[in-house]
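Structure assessment
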2 protein chains.
Amino acid sequence: MENYEKKWTNLWLKYEKRADAGNFCFCEMVCVQGFDEHNTIISNALKEFAKGIKGMLGITPAVVTGIPAKGIWIAKVADAIVPNEGFHLKTEAERIVMEASDENGVLYGIFYLLRQIAMEKSLAGLNIKERPAIKNRMLNHWDNLDGSVERGYSGHSFYFDNNKILISERTVDYARFIASIGINGVVINNVNVKDAATYLITPTYFNEVRQLKEIFAGYGVKLFLSLNFAAPLELGGPDSADPFDEDVISWWRGQIALVYEALPDLGGFLVKADSEGRPGPFTYGRTQADGANMLARLLDVHGGMLIWRCFVYNCTQDWRDRKTDRARAGYDNFIQSDGDYHPNVILQIKNGPMDFQIREPVSPLIGGLKKTNQMLEVQIAQEYTGQQIDVCYLIPMFKEVLDFKYCGSSEKIFDVIKNIGFVAVTNTGDDENWTGNDLAAANLYGFGRLAWSVSLSAEEIAEEWIRQTLSCDEEVIAVVKKILLSSRDTFEKYTCPLGIGWMVTPHYHYGPSVDGYEYSQWGTYHRADHLGIGVDRTDKGTGYTGQYQEPHKSIYNNIETCPEELLLFFHYVPYKYILKSGKTLIQHIYDTHFEGVMEVEEMIKAWNRIEAKLPADVFAVVTGRFEQQLNNAKEWRDHINSYFYRKSGIADEKGRKFY
Amino acid sequence: MENYEKKWTNLWLKYEKRADAGNFCFCEMVCVQGFDEHNTIISNALKEFAKGIKGMLGITPAVVTGIPAKGIWIAKVADAIVPNEGFHLKTEAERIVMEASDENGVLYGIFYLLRQIAMEKSLAGLNIKERPAIKNRMLNHWDNLDGSVERGYSGHSFYFDNNKILISERTVDYARFIASIGINGVVINNVNVKDAATYLITPTYFNEVRQLKEIFAGYGVKLFLSLNFAAPLELGGPDSADPFDEDVISWWRGQIALVYEALPDLGGFLVKADSEGRPGPFTYGRTQADGANMLARLLDVHGGMLIWRCFVYNCTQDWRDRKTDRARAGYDNFIQSDGDYHPNVILQIKNGPMDFQIREPVSPLIGGLKKTNQMLEVQIAQEYTGQQIDVCYLIPMFKEVLDFKYCGSSEKIFDVIKNIGFVAVTNTGDDENWTGNDLAAANLYGFGRLAWSVSLSAEEIAEEWIRQTLSCDEEVIAVVKKILLSSRDTFEKYTCPLGIGWMVTPHYHYGPSVDGYEYSQWGTYHRADHLGIGVDRTDKGTGYTGQYQEPHKSIYNNIETCPEELLLFFHYVPYKYILKSGKTLIQHIYDTHFEGVMEVEEMIKAWNRIEAKLPADVFAVVTGRFEQQLNNAKEWRDHINSYFYRKSGIADEKGRKFY
């Protein structure tokens, strides 16, 4: 372990003194049967239990060999009874019986118990059968080897600095934190693989990557690497990356063998190809499937997965062109190849067809593909949703996506991805509190918990996080829960109305700029004129609605049935159009922008009321962020309202001030 | 001289074979009387003459001691007869008599003769008395010590790289080039003095700065340094930069003494204080005069000048505020201190009140100050005027400024600054052709020539440059002259209309973004709504017009008398307002944007016609730039026209396509 000078908090694993809620008796002894106590995961689980119990209840559990009358009895069972990663917990008088079929199940069971204690919930009467809702529960880090983090809002990378890999106690703590919420895979480097990062698959970095991999493995987390599709050219291989070129294939075969020799059990690779300037198979006239399959076949030999991102679109579009539609691109680029992928290929698809806006419809590609492994990608790094300055609890949005009945039957997006995976572009960095705004950690916590236990409500998850992180005080829980649960709607109110998105400062993506992406090459338009605003994506426009299965195809295509929160995503709408509320569109824009600011002001008032009950450091940081958020909200309110007032000439019905 | 690997051209000092135009006889011999032949400037002048004559006429002039019957006779005279820097030339049969009172005059005389020969003009019958129109003729380099150039569009710095100073034959050639057009001062480092640049006034760099200084001195050019007002804090001096703090004054006294001991005859310092985040006297509650005078007094002892920029304004303005006006800032910040400056302080004032837009009124500060040394600053680095991709010959603009009768009498801006100085933020870098676009070199050439000889027309200067640089062919002269002379109007047509400025991509300043600076902190607004556009700077608006002396105060204040090219700078104007042309404002915007693109297309056609007569490398580079310019012009046309069409709802009378 190298020296690491920065401090860091314990996030939700604070293990501070807790009222025992009658749990004392269960925690005095622990007995493990059928598992090797020296297995790293088991040993880490027992250490975690001891640490947590010591902190929260003030006792040190004894590890015993006989089945305890009072305590935890961990027993190994067949995976036919409890599937891998799952665990059963049953309270029998003063004993809790935990059954699991693998070490990961034990680890998750232990974290379950610690969570209940941290939340001051009783362990009496437990009778639960937990198993993960989704198979692969992953985090993507967009960390660069120079230590920067693309779209990172929490300081620098804690993996890399100055083209070196950092390994310290912080790395171990990070593995503990994400294991505690059920994460079982991490991609440690940015999908935009450039410069030194290309060398992660070479001996230059094998030693340190192996150490990282082992730290994570000790907590049931597989390590993955993002790959540069043009690696052969950059690492002195053949002068091509054509997936049909025998020299290229042969080079990759050798390179991947080298990687797996040094890094057995590496999870596999993540590839962003043919996207935003990244190289890919299109360069050589090949399909995405051609590119993915070439690598996947070579990985298969070693048991690796090949995760291929579907974020492929024309990023040099002519803004004058109203037929080309970036929203269509994912579907258009991938639907033809449905069924063509090697079994160990997973397509990683963003939740919306554009790019992590505050409101988008669910991508028609997910579930549109019928014969292809699909993994859902969301972003808890708040690139477009407040950058961890503004509070924006995203779990409600993720639940909407997972619950979306994409084909009219009761089948949901969740059903499409549950056997494959769910991944978040993560929001952590080397800030002391990990996530810039302490409240942003609720998104990391919530993502993991949701991926594990999809039926949890956003509110339940918020309460879990608050109890463990801030306080079990009922007022704190009520206030912070309200802040979190209203935060997404509030953010939406003061930013981009009704699904239009993109009215952000180019490149930075924080703060308003209505026309910032309007006359640009990025395929991101609002098409506002003096009469109305919105993109016609119906069959009379770009035809994007036709990518949906019924009933959504018809619902979205018709302005009358289109959900209003997505109105401007699908339709060009006159400012004087009357919404279901009875308000005109323009008045809705004005009103929501005033409301958004008022709601931020209310959040701040409520937050200030509970100051005395909050950890002082958290209060100070979050208060500072709230001040910035309020400024941001006012800037958005005045910019957006003034823009549309100037453009439409329509006055506010309430006579409020525009500029 | 260190190794320097880049190539560079000889700009207008090509010294290629020329028809002798009867000049042969004058160039066989040269005799210098009264000057020390070993003086560096004299020796450089003679070397230059030999080099030029050898190249252009194929002969090597003999340096003789007796007065030649055929040749050049250089004689020293009193400065009462020929002032310093000036020269008289008189042709007497086959002899040319050159009189000068100092070495610089000889150097300029020699360059005059070489220029005539390069232009294939006869030296017969000369009878001229040349002296510089303006005393200090300076260039400001915005070069950073890391090798970058702020707002540089011609590669990297040729002064600095990686915090080292570069000295090579290129440096010497650069000194020759600028001396040949009469430049007598250079500031080598960026006015935004940060990091390593702060150390230019310390022994770390003395050795190399001295070498540079001596190279320039050999060509009559004084070297200046930009200064960090906060240097005491950054160089380990007192923990303050308060100009009234005795410790600060004492620290500067010592530091300046150290500088002048190492660098005798250093020209002095340039300071950008209290501007765009730079430190300054305002930080300590002192006036600009307090800050400037403190340094000036200390410099005076050593004969140095203190040049103080007047680009002081609030760069964190609230865009909602329609009373604060950046255009007012220079005047408001400096007019009160008129007469308070130490005699060796020069205020350096940008030509317009905003920042180097394609069209601005002349700053009311110049000539508004009555008792203060004023130097006019222009920018030949084309930050807002095409970035040396688009051709934009700026000499016509500079002549408008110099000819501006600021107070109604016949006195012009030229008269205000002629005894002080004229300075350009320069446009050179380490590109092979020095200025990115070869045609951009006409601005460097033209600036120097205009500063020397203010009565030259923009057309005469263009022709001089074309003859020396490209060809003496009449078709080439006609075509390139037309391109250069029309280029500023063309650029204006396809970019920002009628003086409004600022519709550029934020930060980059190339390409259109109508609202890019509209809702920003920079004080740069167009205030367009669905009915009209423009900033009311009259006595009913920001009151900026009141800073002018009559008759301009009234002329600008009244929409009927305001020059139309500045209409939107001074007035908010409805789109349906009828201009003197009989067109509405909006139709004028539409028409000029279509015209601008057509004019670029015509330029390119004309340029292509003369391909065979042009140096192949110049043709290739400029042709590449023209392609980019045409794309840029089309982007501007469509963006601006579509923006205003969408906003106003007013169709083009000619039914052309908007988006």
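Now for a description of the structure that goes with this document.

Rules used in this analysis
Residues numbered from 1 in each chain as written. Chains lettered and ligands numbered in written order. Predicted model: local features only at pLDDT ≥ 70, side-chain atom pairs only at ≥ 80, totals over all residues. Heavy atoms only, no water. Helix = DSSP H or I, 4+ residues; strand = E, 2+ residues; numbered from the N terminus. Rg over C-alpha atoms; globule rule 2.2 N^0.38 Å. Buried < 20%, exposed > 50% of the residue type's maximum accessible area, 1.4 Å probe, protein only. Contact = heavy atoms within 4.5 Å. Areas by Shrake-Rupley, 256 points an atom, 1.4 Å probe, with all protein chains shown as cover. Lys, Arg positive; Asp, Glu negative; His and termini not counted. Charge placed at Lys NZ, Arg CZ, Asp CG, Glu CD. Buried area = accessible area lost by both parts, 1.4 Å probe. Salt bridge = Lys/Arg side-chain N within 4 Å of Asp/Glu carboxyl O. Polar contact = N/O pair within 3.5 Å; in protein donor to acceptor, adjacent residues only side chain to side chain. Nonpolar A, V, L, I, M, F, W, Y, C, P; charged D, E, K, R; others polar. Pairing = 2+ DSSP bridges. Axes fitted to C-alpha atoms, helices over the stretch in contact; angles between N-to-C directions. Left-handed = near helix turned anticlockwise from the far one by under 90°. Expected span 1.5 Å × (residues − 1). Phe/Tyr/Trp six-rings, centres within 6.5 Å; stacked < 30°, edge-to-face > 60°. Disulfide = S-S within 2.5 Å. Least-squares fit on C-alpha atoms with pLDDT ≥ 70 in both.

Counting its secondary structure elements, chain A contains 17 helices and 18 strands. For 659 residues, the compact-globule estimate of 2.2 N^0.38 gives 26 Å, and the C-alpha radius of gyration of chain A, at 25 Å, lies within 12% of that figure. When its C-alpha atoms are laid out on the principal axes, chain A stretches across 80 × 65 × 50 Å. Counting only residues that meet the buried cut, chain A has 65% of its 659 residues in that class. Across chain A, contacts joining residues at least 24 apart in sequence account for 73% of those joining residues at least 6 apart. As displayed, chain A offers around 23000 Å² of accessible surface, 49% of which is attributable to carbon and sulfur atoms. Of the side-chain charges in chain A, 69 are positive and 87 negative, and the distance between the mean point of each set is 3 Å.

Turning next to the interface of chain A and chain B. With 22 residues of chain A at the contact, the number on the chain B side is 22 residues. Roughly 2100 Å² of surface becomes buried between chain A and chain B when both sides are summed, with 50% attributable to carbon and sulfur atoms. A per-residue breakdown of the area chain A buries against chain B is headed by A:R320, A:Y519 and A:R646, which together make up 38% of the total. Counting the contacts that link chain A with chain B gives six salt bridges. With its nearest N and O atoms 3.0 Å apart, the salt bridge here joins A:R320 to B:E635. Applying the counting rule to chain A against chain B returns ten residue pairs in polar contact (both at pLDDT 80 or more). Each residue belonging to the side of chain A that touches chain B can be placed in one class, and the counts come to six nonpolar, five polar and eleven charged.

All names here are of chain A. Strand order in the open sheet formed by six strands is 2-1-3-5-4-6, and the pairing between neighbours is mixed. Edge positions in the open sheet fall to strand 2 (62–64) and strand 6 (127–130), since each of these has one partner strand only. Going from strand to strand, the sheet's axes swing by 20 degrees on average, the running direction of each strand aside. Taken together, the five bridges between strand 4 (residues 87–92) and strand 5 (residues 95–100) define a ladder with antiparallel strand orientation. Residue L89 lies in a different strand from strand 5, and its bridge partner there is M98. On top of the sheet, helix 2 (residues 103–118) reaches strand 3 (71–76), strand 4, strand 5 and strand 6; it is set at about 145 degrees to strand 5, its chief contact.

As a further point, take the packing of helix 3 (residues 169–180) of chain B against helix 4 (residues 203–217) of chain B. Residues and elements named next belong to chain B. In contact at an axis separation of 9 Å, helix 3 and helix 4 are set at 40 degrees when each is read in the N-to-C sense. Seen from above, helix 3 lies across helix 4 with right-handed handedness. Facing T171, V172, Y174, A175 and I178 of helix 3, the residues of helix 4 in contact are L212, I215 and F216. Classifying every residue of the contact of helix 3 with helix 4 by side-chain character gives seven nonpolar, one polar and no charged.

Residues and elements named next belong to chain B. An ideal rise of 1.5 Å per residue puts 26 Å on 18 residues; helix 1 (residues 40–57) measures up with 25 Å between its terminal C-alpha atoms. Among the residues making up helix 1, those that are buried are I41, I42, N44, A45, L46, E48, F49, G52, I53, M56 and L57. Residues of helix 1 that are buried make contact with strand 1 (29–33), strand 3 (71–76), helix 2 (103–118), helix 3 and helix 4. Between a side-chain oxygen at the N-terminus of helix 1 and the backbone nitrogen of I41 the separation is 2.7 Å; the capping residue is N39. G58 sits one or two positions beyond helix 1 and adopts a positive phi of about 80 degrees.

Right, let's talk about the sheet that holds strand 11 (residues 222–227) of chain A for a bit. All names here are of chain A. Pairing in this closed barrel of eight strands is parallel, and the strands run 7-10-11-12-13-14-15-16 around the ring. In this sheet, neighbouring strand axes are inclined to one another by 25 degrees on average, regardless of whether the strands run parallel or antiparallel. Of the strand pairs in this sheet, strand 7 (residues 136–140) and strand 16 (residues 421–425) are connected by five bridges, and their pairing is parallel. Among the inter-strand pairings, N136 is bridged to a residue of strand 16, identified as G421. Strands strand 10 (185–187) and strand 11 of the sheet are contacted by helix 4 (residues 203–217), whose axis makes an angle of about 140 degrees with strand 11.

Quick look at the packing of aromatic side chains now. Going through the model one piece at a time under the given rule, you end up with 76 aromatic pairs over all chains. Aromatic side chains A:W319 and B:Y659 sit 5.9 Å apart centroid to centroid with 80 degrees between the ring planes, which places their arrangement in the edge-to-face category. Here A:W319 is found in the loop between strand 13 (305–309) and helix 8 (326–334), whereas its partner B:Y659 is found in the segment after helix 17 (616–648) on a different chain. By relative accessible area, A:W319 is classed as buried at 2%. Assessed through its relative accessible area of 23%, B:Y659 is described here as partly exposed.

Defined simply, a disulfide is a covalent bond joining two cysteines at their sulfur atoms. Inspection of the entire model under this criterion finds zero disulfides over all chains. Take B:C407: it sits in no disulfide, and the sulfur closest to it among the cysteines is that of B:C310, at 19 Å.

Take the relation of the copies chain A and chain B next. Once turned by 180 degrees and shifted 0.0 Å along the axis, chain A lies on chain B with an RMSD of 0.0 Å. This pairing of chains is accounted for by a two-fold axis. Considering only C-alpha atoms, the part of chain A nearest the rotation axis is A:K647, at 2.7 Å. With an isologous cut-off of 70% or more, the 100% of interface residues of chain A that recur at the interface of chain B puts this contact in the isologous class.

This paragraph deals with the environment of B:V209. Residue and element names in this part refer to chain B. Relative to the assigned elements, V209 resides in helix 4. Once the C-alpha coordinates of V209 and L225 are considered, the two residues, 16 residues apart in sequence, prove to be 9.5 Å apart. Excluding residues within four positions of it along the chain, V209 makes contact with I165, L200, L223, L225 and L263.

That bond from A:E550 to A:P551 is cis: its omega, 5 degrees, falls within 30 degrees of zero. Structurally, the position occupied by A:P551 is in the loop between strand 17 (532–533) and helix 14 (552–557). At B:N163, a position not held by glycine, the phi torsion is positive, near 65 degrees. Tracing the backbone through its elements, the reader meets B:N163 in the loop between strand 8 (160–161) and strand 9 (164–165). By relative accessible area, which is 37% here, B:N163 ends up partly exposed. The phi dihedral of B:D265 is positive, around 70 degrees, even though this residue is not glycine.

Before going further, it helps to examine the pattern of salt bridges. When their charged atoms lie close together, side chains carrying opposite charge are able to pair. Following the criterion strictly, the structure yields 76 salt bridges over all chains and no others. The salt bridge partner of B:R176 is B:E48, with a shortest N-O separation of 2.7 Å. You can see B:R176 sitting in helix 3 and its partner B:E48 sitting in helix 1, a full 128 residues away along the chain. An identical accessibility class is assigned to B:R176 and B:E48; each is buried. Each member of the salt-bridge network shares a partner with another, and the members are A:D318, A:R320, B:E635, B:R637 and B:D638.

A few words now on the pairing of strand 5 (residues 95–100) of chain B. Residues and elements named next belong to chain B. Relative to strand 5, strand 3 runs parallel, the two being bridged by six bridges. Across the sheet, K76 pairs through a bridge with A100, a residue of strand 5. Hairpin geometry of strand 4 (residues 87–92) and strand 5 is characterised by an intervening segment of two residues between the two adjacent antiparallel strands and by a positive phi of about 55 degrees at A93.

This brings us to the environment of B:F644. Residue and element names in this part refer to chain B. Within the secondary structure layout, F644 lies in helix 17. Sequence separation between F644 and Y406 is 238 residues, and the spatial gap between their C-alpha atoms is 34 Å. The contacts of F644, once residues within four sequence positions are left out, are M503, V514, A528, I533, Y575, I586, I589, Y590 and G649.

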